[in-house]
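Results of the structural survey
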Amino acid sequence: VTMTSVLLSLADKKSGGELQRLKSLESRRITGPSLRWSHKITSFLYGCYFGCLGWALVKRDPENGLKIPNDKCVTQSIGKDILYTKSFSLEEMKITKERLAGVSINDLLMAIITIGMRRYYDRTNDPVLDLLKKGKAISACFMANVRRVASKNEAVEQMGNYFIIGYFILPLQFRNVIDAVWQCKSYSDSLKVSPAFALQFHLAGGICKLLPESALIFASVDNPKNFTLTMSSVKGPQDEFSIAGYAVDDFNFCTVANNGLNLGFLSYKGNAKISVCADKLIGMDSHLFVECLESAYDDICNGVDNASSEELKPPDLTPLSAKFLEIGLSCAVAGTVALLSIWLAKKMILSQKTLLFKNQRCA
C-alpha cells in the first residue's frame, strides 16, 4: 500500500485536479458475517485462546513442494522466481461473487489460491496429499490491520496502521471448486468475529519487547518455515494515471521476504493479477503453479455460470464444536426445565397433602 502511494505521488496532476493519492477507503464492517450463534461463540472462544497463547504454539506445516525444506535456511537463498498470472477482470469477479451469497473478492481470491495449490500438489504427485488425508494442515500467513475505523480523508502515511500476522488454514480437502469458495468464506467469517488479532497485537507485542535480540533474530529466521506461503491483497487506483506525460498501462508488485512463497493480489484499471514470488530453495515449477491458479479462476467462473439457480446459497458449514455446543446447551435447558417441573410437581403434591391433613384434623 505504501509503495503504491509513493508511485502515485510521482503521477502527473490531472487538469484542474490535485495530486493523486491512494486514500484509505477501508473501514470496519458495520454488520458482522451471517453465522449461527453457536459458530460465533466458538469462534470467539477460540480467538481468545489463539490471541493469548495459540499464536506461540502454531504447528509447523508439513514438508511440501511449495515450502522451503526444513533442513534449509532462508539465509541460503540464491534468488527468486517472479511470475504473474493473466489479468482477471474485476467486473467479472464482482458478477461472480454477487451470485455467491455473502462472498467477497477476498473470499474468491482465497479460493483461487486454495484450488491452485491443491491442483499443483495433484499434478506433481506431492507426498503431502497423504498427510492431508490424515488431518495435517497447510497454512498461509497475512498481515492483518487492527486499526480502528479509518477516516476516508486520511492519506496512507497518516492512516495509523497497526499490523499483526494472521494465519489462514487452507481448506484443501474440498469436493469441488464452489465448495472451496464456501469453505474459504466460512473460515474468513470465523476470523471476522474472532478477537485473536486484537489480543495478539496487545499481548504478543508486549512479549516481543521483553525478548532479547538473539531470540528475535532466531524467530525471524526460523518462523517463516512454519507456514507455506504469505499473501497480500492491495486495491490499487482504478483510473489510469501518467508519469512525466507517459500513461501507465499496467503495474504489478511482488513481495521479497525471508520466506519461500509470496502471493500478491493487486488491481488497476478494472483488472487484477496475482504475483508469484518463489524462493529458488523450494525448487518448485513456478510456471505450472501459475497455470494452476489461472485454471482455478476459470473453473470458479464456469461453475457459477453453469449453476442452475441465480444465486447460490452456502451449505451449512457450522463446525462440530459449535454443533456440540448447541446440543449441550439444549440438553442443559431441557434438563433444567425437567428438574424445575419435577420440583414444582413435588411441591404441589406436598402442599395438597398438607392441606388434606389440615382438613382431616379440622373434621
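Note that this is a predicted model, so its numbers are computed, not measured. (Residues numbered from 1 in each chain as written. Predicted model: local features only at pLDDT ≥ 70, side-chain atom pairs only at ≥ 80, totals over all residues. Heavy atoms only, no water.)

A look at the layout of surface pockets
Short version of the rule: In this analysis a 1.4 Å probe is tested at points of a 1 Å grid over the protein atoms alone, and where it fits but cannot get out there is a cavity; an open set with protein on both sides within 12 Å along at least five of seven lines is a pocket; lining residues have an atom within 4 Å of a point. Grid points are joined across faces, edges and corners, and a volume is the space filled by probe spheres set on the points. Under the DSSP-based scheme used, a helix requires at least four consecutive residues in state H or I and a strand at least two consecutive residues in state E, with every element numbered from the N terminus.
There is about 1,100 Å³ of room inside the second largest pocket. Taken together, 38 residues line the second largest pocket, and the ones lying closest to its centre are Tyr46, Ala137, Ile169, Leu170 and Tyr187. At the level of secondary structure, the elements contributing two or more residues to the lining of the second largest pocket comprise helix H2 (37-52), strand E4 (163-169), helix H6 (177-192) and helix H7 (196-210). Sorting elements by how many residues they give to the lining of the second largest pocket places H2 first, with seven residues.

Examining the pairing of strand E5 (residues 229-235)
Heads up, the condition is: We call two strands paired when DSSP finds no fewer than two bridges between them.
Bridging between strand E3 (residues 139-145) and E5 involves three bridges; their strand directions are parallel. Pairing of Ala140 across the sheet is with Leu229, part of E5. Alignment of E5 against strand E8 (residues 261-268), held across seven bridges, turns out to be parallel. The partner of Met231 across the bridge, within E8, is Leu263.

With respect to unusual backbone geometry
Heads up, the rule is: Each residue is placed in one exposure class: buried if its accessible area under a 1.4 Å probe, protein chains only, is under 20% of its type's maximum, exposed if it is over 50%, and partly exposed if it falls in between.
Residue Asn125 is not a glycine yet carries a positive backbone phi of 50°. Unusually for a residue other than glycine, Lys269 sits at a positive phi of about 55°. Along the chain, the position of Lys269 falls in the loop between E8 and strand E9 (271-279). Overall, the relative accessible area of 29% leaves Lys269 in the partly exposed class.

Remarks on the confidence of the model for the protein
Under the convention used in this document: The predictor rates its confidence in each residue with pLDDT, a number between 0 and 100. Contacts between residues were defined by any pair of non-hydrogen atoms, one from each residue, lying within 4.5 Å.
On average, residues of the protein score 82 in pLDDT, and 85% of them reach the 70 mark or higher. Here residues 21-28 is modelled with pLDDT under 50, and outside its nearest four sequence neighbours on either side it reaches 28 contacts, counting other chains as well.

Points about the packing of H2 against H7
For the record, the criterion: To get an axis, a line is fitted to the C-alpha atoms, and for a helix only the part in contact is used. The angle between two axes follows their N-to-C directions and goes from 0 to 180 degrees. When describing relative orientation, an angle under 35 degrees is termed roughly parallel and one over 145 degrees roughly antiparallel, while 65 to 115 degrees is termed roughly perpendicular and anything else oblique. Here a crossing is taken to be left-handed if its near helix is turned anticlockwise relative to the far helix by less than a right angle, and right-handed if that turn runs clockwise. Classification used: nonpolar for Ala, Val, Leu, Ile, Met, Phe, Trp, Tyr, Cys and Pro, charged for Asp, Glu, Lys and Arg, polar for all others including Gly.
Look at H2 against H7: their axes get within 8 Å of each other, and the N-to-C directions meet at 20°. As the angle between them shows, H2 and H7 are arranged roughly parallel. When the axes of H2 and H7 are compared, the crossing they make is right-handed. Listed contacts from H7 to Gly47, Cys48, Phe50, Gly51 and Cys52 of H2 are Ala196, Leu199, Gln200 and Leu203. Across the contact of H2 with H7, the residue classes break down as six nonpolar, three polar and no charged.

Points about H6
Which entries qualify depends on this criterion: A helix's residues, less one, multiplied by 1.5 Å, set its expected span. In protein, a polar contact requires one atom able to donate a hydrogen and another able to accept it; more generally it is a pair of N or O atoms within 3.5 Å, and residues adjacent in sequence count only if both atoms are side-chain atoms.
Over its 16 residues, H6 extends 23 Å from the first C-alpha to the last, a length consistent with the 22 Å expected when each residue adds 1.5 Å. Two or three places before Ile178, at the opening of H6, Asn176 has a side-chain oxygen 3.2 Å from that residue's backbone nitrogen.

A few points about a nonpolar patch on the surface
Formally: Each patch is built from salt-bridge-free residues with over 30% relative accessible area, joining like charges within 9 Å and nonpolar side chains (Val, Leu, Ile, Met, Phe, Trp, Tyr) within 5 Å. The Shrake-Rupley method, run with a 1.4 Å probe sphere, supplies the accessible areas, and residue values consider only the shown protein chains as cover. Should a side-chain nitrogen of Lys or Arg be within 4 Å of a carboxyl oxygen of Asp or Glu, the pair is scored as a salt bridge.
Taken together, the side chains of Trp37, Ile41, Phe44, Leu45, Leu329, Val333 and Val337 present a nonpolar region at the surface, about 640 Å² in accessible area. Broken down by secondary-structure element, the contributors of at least two residues to the nonpolar patch are H2 and helix H10 (320-362). If you tally residues by element for the nonpolar patch, the top one is H2, at four residues. Considering the arrangement of structural elements, one finds Leu45 in helix H2.

Points about the pattern of salt bridges
Under the counting rule described, the total for this entry stands at 15 salt bridges. The salt bridge involving Arg36 is made with Asp316; its shortest N-O contact spans 2.9 Å. Here the residue Arg36 occupies a position in the loop between helix H1 (2-9) and H2, and Asp316 occupies one in the loop between helix H9 (286-305) and H10, the gap between them amounting to 280 residues. For Arg36, a relative accessible area of 33% puts it in the partly exposed group. On the accessibility criterion, Asp316 (46% relative accessible area) is partly exposed. The shortest N-O distance in the salt bridge between Asp249 and Lys269 comes to 3.8 Å.

Topic: H9
The terminal C-alpha atoms of H9, which comprises 20 residues, lie 29 Å apart, in line with the 28 Å expected from a rise of 1.5 Å per residue. Those residues of H9 that sit buried are Ser286, Leu288, Phe289, Val290, Cys292, Leu293, Glu294, Ala296, Tyr297, Ile300, Cys301 and Val304.

Points about the environment of Gln183
Along the chain, the position of Gln183 falls in helix H6. Placed 73 residues apart in sequence, Gln183 and Met110 show a C-alpha to C-alpha distance of 9.8 Å. When neighbours within four sequence positions are excluded, Gln183 is seen to be in contact with Pro171, Gln173, Phe174 and Leu317. A polar side-chain atom of Gln183 sits 2.7 Å from a polar atom in the side chain of Asp179.

Things to note about the packing of H6 against H9
Geometry of a packed helix pair, given as the angle between the helix axes and the separation of the axes. At their nearest, the axes of H6 and H9 sit 9 Å apart, and the two run at 100° to each other. The orientation of H6 relative to H9 falls into the category roughly perpendicular. Contact residues: Val177, Ile178 and Val181 in H6; Asp299, Ile300, Gly303 and Val304 in H9. In the contact of H6 with H9, the residues fall into five nonpolar, one polar and one charged.

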